[in-house]
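Understanding the architecture of this molecule
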Amino acid sequence: MIGWLLRRLAQIIPTLLILSVMIFGLQQLMPGDPALILAGEERGDPVVLAQIRAELLLDRPIAEQYFVWVSKVVQGDFGFSWRIRMPVSQLILEKLPVTFQLATMAFVIAIVIGVPLGILSAVRRDTPTDWLANAVALAGISTPNFWLGIMMILFFSVNLGWLPPSGYVPLTEDWRASLATTIMPAFVLGSGIAGVLMRHTRAAMMTAMAQDYVRTARAKGMAEGVVVLKHAFRNALIPVVTLGAIEFGRLLAGAVLTEQIFTIPGFGKLIVDAVFNRDYPVVQGVVLATALIFVVLSLVADLLYMAINPRLRQA
Amino acid sequence: MNADSPRRRALRRFFQHRLAVLGLVVVVVFILAAVLAPWVAPYDPIQTSWTRLRKPPSAAFLFGTDENGRDVFSRVLWGARASLMAGVVSVLAAMLMGVPLGLLAGLAGKWTDALISRIADAMLSVPFLILAIALAAFLGPALENAMLAIAISAAPVFVRLARGMALEARSADWFEAARALGNPPWRTALLHVLPNIVPPLLVQGTLAIAEAIIAEASLSFLGLGQQPPQPSWGSMLNSAQRFLTQAPWMAIYPGVAIFVVVLAFNVFGDGLRDALDPRSQRR
């Protein structure tokens, strides 16, 4: 187990290293001179430009720039926002809880919809129930989530007036208002993941239902409900949990557009605003942070996989 | 109840097959709409008119008009061009980048494999859309740059797929035979391994187009794709958001177009998978 963990960590390090080179390299794609963007009104002044270049090490060789950047990142210094005049890491830490709340709610919604639907369609396979469940999953996967968001605002906020169309109230301030502002975006985010979870639950359940132990349980005369939930589902859960952890990382990407539509000041809105303000250090920082979160989550997924599958533990 | 009687199996195959065919038909209709837009669109998609701002759908304007008096139906037809082109071209480009690298990694092994695989891992650890947004942001807002960004973001999936298939091929008897006959490695890769991976590539490619279309719409929505006044579904939805109360039709139809074409590609791809790869049949 420890050996496995070490090997897994050893694999992560080169991946992160390459990632850092790529994210640093993004800068080189940028058209124009960053010093010109930063100087703003004073772009005509060569003294100001030279000062900015020296400050950002733009006058140094690229390799040196990279090493300085990486050594700072390793210490948790993701650079300084060009526009908001704040450390990027602080900005990210400030916005992350908002997105985390959204993602958690979305995840709960996805599980509540996706998993039972997957079980139902596996148990009732090839019946209209199964087809309907599959159609729902397919629709969830195929709906662009920003459009679903706009449609929900149109229906629930504009037509019915039930929910606020935008804005965000922190959970600590007023939990009712907080839920009211996040329920629609969370549903939008969760619906796509629900489709993916449904398909995986269905496939895993079908594999589990075909196993000998399920036949044995049935032969013993157990109630079908017990067979399905206690015997088949527990085993089907293994691949679903692993997938779930990875999908959670994908929620972060989905949050980009969803937060934009519902004007929720989270992680996704941070990167979009940074893109528009040409605040490149923030864009880089957000990409790096999402990648780190993803790498950690897939490690967690692997550990969970080990934890819930006793067969793997001895190995 | 026998859940797997021959009749039910036949019914299922028929149902799945018919759905896939329907998906293909819808895809073809959209391609025709995109190609024929200049002839079938009833109005100019860019010409503004101050006498018909935000008119609701009617016989004259099937999907209504937008905030500049342009016909939404015509713009949806023209928008199919940007979306389909972005979907198809970026996936083809992703394949052109990813497949050779994947084959190289799988067949060469050792250091080459380790390097290519770690690069693919690194790219896959950034969620697809965030990577595409970051690339598009640094490249600058334009449809071509959005397509390039989507292509680069989608490439690692094809690297992994091609690498896996190459590894599988390397342990097959026919691979050994092709080598024993004195084929140079590149010839073995091109003439023997590549044809074997075409079916899964086709399936993955179709599903990737669906994802690329959503990505293009997302980037255009954010202003990082097709630039106004050129029509694209994503940018139409962006401007529609400001007129949600006065002109909801502006928001409904471009989204329906995205949904239908993505659904069609997904259904078609699922059907292709069932038809081409009996091993992975979702049963």
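Being a predicted model, the structure only gives us computed values, none of them experimental. (Residues numbered from 1 in each chain as written. Chains lettered and ligands numbered in written order. Predicted model: local features only at pLDDT ≥ 70, side-chain atom pairs only at ≥ 80, totals over all residues. Heavy atoms only, no water.)

1. Thoughts on the overall build of chain A
Counting its regular elements, chain A contains 13 helices and zero strands. Taken over the C-alpha atoms alone, chain A extends approximately 85 × 60 × 35 Å along its principal axes. Counting every position in chain A, which comprises 315 residues, the buried fraction comes to 48%. Within chain A, counting contacts between residues at least 6 apart in sequence, those at least 24 apart form 70% of the total. Surface summary for chain A: the accessible area is close to 15100 Å², and the carbon and sulfur share equals 67%. Positive and negative charge centroids in chain A, built from 24 and 20 side chains respectively, lie 14 Å apart. (Helix = DSSP H or I, 4+ residues; strand = E, 2+ residues; numbered from the N terminus. Buried < 20%, exposed > 50% of the residue type's maximum accessible area, 1.4 Å probe, protein only. Contact = heavy atoms within 4.5 Å. Areas by Shrake-Rupley, 256 points an atom, 1.4 Å probe, with all protein chains shown as cover. Lys, Arg positive; Asp, Glu negative; His and termini not counted. Charge placed at Lys NZ, Arg CZ, Asp CG, Glu CD.)

2. Some words on helix α8 (residues 233-240) of chain B
When you tally the buried positions in α8(B), you get seven out of eight residues, the bulk of the element. For α8(B), every residue scored as buried is listed here: B:W233, B:G234, B:S235, B:M236, B:L237, B:S239 and B:A240.

3. What to know about the confidence of the model for chain B
Residue and element names in this part refer to chain B. Chain-level statistics for chain B give a pLDDT mean of 83 and a share of 92% at 70 or above. Per-element confidence in chain B ranges from a low mean pLDDT of 77 for helix α1 (residues 6-40) to a high of 90 for helix α2 (residues 72-108). Complex prediction metrics read pTM 0.86 and ipTM 0.84. (pLDDT = per-residue confidence, 0-100.)

4. Here we look at the UniProt feature "transmembrane region" (unreviewed entry) in chain B
Residues and elements named next belong to chain B. Under the UniProt annotation, "transmembrane region" (unreviewed entry) lies at residues 21-41, 84-107, 119-139 and 251-269. Here residues 84-107 runs as 100% helix and 0% strand, with 34 Å between its end C-alpha atoms. Secondary structure within residues 119-139 divides into 86% helix and 0% strand; the distance between the first and last C-alpha atoms comes to 20 Å. (UniProt positions renumbered as here; feature names shortened; annotations may be inferred.)

5. As for the domain arrangement of chain A
Residue and element names in this part refer to chain A. The assigned domain composition of chain A is domain 1 (16-74) and domain 2 (93-279 + 289-314). Using only C-alpha atoms to locate each centre, domain 1 and domain 2 end up separated by 39 Å. In this complex, domain 1 contributes four residues to the contact, which on the side of domain 2 involves four residues. Together domain 1 and domain 2 conceal approximately 320 Å² of surface at their shared face, both sides included; 79% is due to carbon and sulfur atoms. (Domains from an automatic or database assignment. Buried area = accessible area lost by both parts, 1.4 Å probe.)

6. Some words on the UniProt feature "transmembrane region" (unreviewed entry) in chain A
Following the UniProt record, the feature "transmembrane region" (unreviewed entry) maps to residues 12-30, 100-123, 135-157, 177-197, 236-262 and 282-305 of chain A here. Along residues 100-123 of chain A one finds 100% helix and 0% strand; the C-alpha atoms at either end are 34 Å apart.

7. Observations concerning a nonpolar patch on the surface
Taken together, the side chains of B:L24, B:V28, B:I31, B:L32, B:V35, B:L36, B:W39 and B:V40 present a nonpolar region at the surface, about 740 Å² in accessible area. Given the relative accessible area of 37%, B:L24 is considered partly exposed. (Patch = residues over 30% accessible without salt bridge, like charges linked within 9 Å, V, L, I, M, F, W, Y side chains within 5 Å. Salt bridge = Lys/Arg side-chain N within 4 Å of Asp/Glu carboxyl O.)

8. Regarding the pattern of salt bridges
If you walk through the whole model with that rule in mind, you get nine salt bridges over all chains. As a salt-bridge pair, A:R218 and A:E224 come within 2.8 Å of each other at their nearest N and O atoms. By relative accessible area, which is 37% here, A:R218 ends up partly exposed. Using a relative accessible area of 36% as the deciding quantity, one classes A:E224 as partly exposed. In this structure, the salt-bridge partner of B:D113 is B:R163, at a minimum N-O distance of 2.6 Å.

9. As for the interface of chain A and chain B
Opposite the 50 residues of chain A that make contact, chain B presents 48 residues. The contact between chain A and chain B buries some 4500 Å² in all, and 77% of this surface belongs to carbon and sulfur atoms. If you sort the residues of chain A by the area they bury against chain B, A:D126, A:F146 and A:W147 come out on top, with a joint share of 13%. Scanning the region where chain A abuts chain B turns up one salt bridge. One salt bridge in this structure joins A:R199 and B:D270, with 2.6 Å as the shortest N-O distance.

10. A closer look at the packing of helix α4 (residues 128-139) of chain B against helix α5 (residues 143-170) of chain B
All names here are of chain B. Packing of α4 against α5 brings their axes to within 8 Å, and their N-to-C directions diverge by 140°. With respect to each other, α4 and α5 are oriented oblique. Crossing handedness for the pair α4 and α5: right-handed. Within the contact between the two elements, α4 uses F128, L131, A132, L135, A136 and L139 and α5 uses N145, L148, A149, I150, I152, S153 and A154. Per-class residue counts for the contact of α4 with α5 are 11 nonpolar, two polar and no charged. (Axes fitted to C-alpha atoms, helices over the stretch in contact; angles between N-to-C directions. Parallel < 35°, antiparallel > 145°, perpendicular 65-115°, else oblique. Left-handed = near helix turned anticlockwise from the far one by under 90°. Nonpolar A, V, L, I, M, F, W, Y, C, P; charged D, E, K, R; others polar.)

11. Some remarks on the nonpolar core
A:M205, A:I271 and B:W233 are the most contacted members of the largest nonpolar core, which has 152 residues in total. Looking at which element gives the most residues to this core, the answer is helix α10 (residues 224-261) of chain A, with 15 residues. Counting contributing residues, this core receives three or more from each of domain 1 (16-74) and domain 2 (93-279 + 289-314) of chain A. Beyond its immediate chain neighbours, meaning those up to four positions away, A:I271 contacts A:V256, A:V283, A:V286, A:V287 and B:I130. (Core = buried A, V, L, I, M, F, W, Y, C linked by side-chain atoms within 4.5 Å.)

12. With respect to unusual backbone geometry
Between B:P228 and the following residue, B:P229, the backbone shows a cis peptide bond with an omega angle of 5°. Relative to the assigned elements, B:P229 resides in the loop between α7 (185-221) and α8. The backbone phi angle of A:D126 is positive, close to 65°, even though this residue is not glycine. Residue A:D126 is classed as buried on the basis of its relative accessible area of 3%.

13. Details of the side chain of B:S74
All names here are of chain B. Structurally, the position occupied by S74 is in helix α2. Reaching out from S74, the side chain makes a polar contact with the side chain of D71 at a distance of 2.6 Å. Excluding residues within four positions of it along the chain, S74 makes contact with A41, P42, Y43 and P45. (Polar contact = N/O pair within 3.5 Å; in protein donor to acceptor, adjacent residues only side chain to side chain.)

14. A short note on the packing of aromatic side chains
Residues and elements named next belong to chain A. In this structure the tally under the stated criterion is 12 aromatic pairs over all chains. With a centroid separation of 5.4 Å and an interplanar angle of 65°, the aromatic rings of Y66 and F67 are classed as edge-to-face. On the basis of relative accessible area, Y66 is assigned to the buried category, the value being 13%. Given a relative accessible area of 56%, F67 falls into the exposed group. One aromatic cluster is present, formed by F24, Y66, F67 and W69 through successive ring pairs. (Phe/Tyr/Trp six-rings, centres within 6.5 Å; stacked < 30°, edge-to-face > 60°.)

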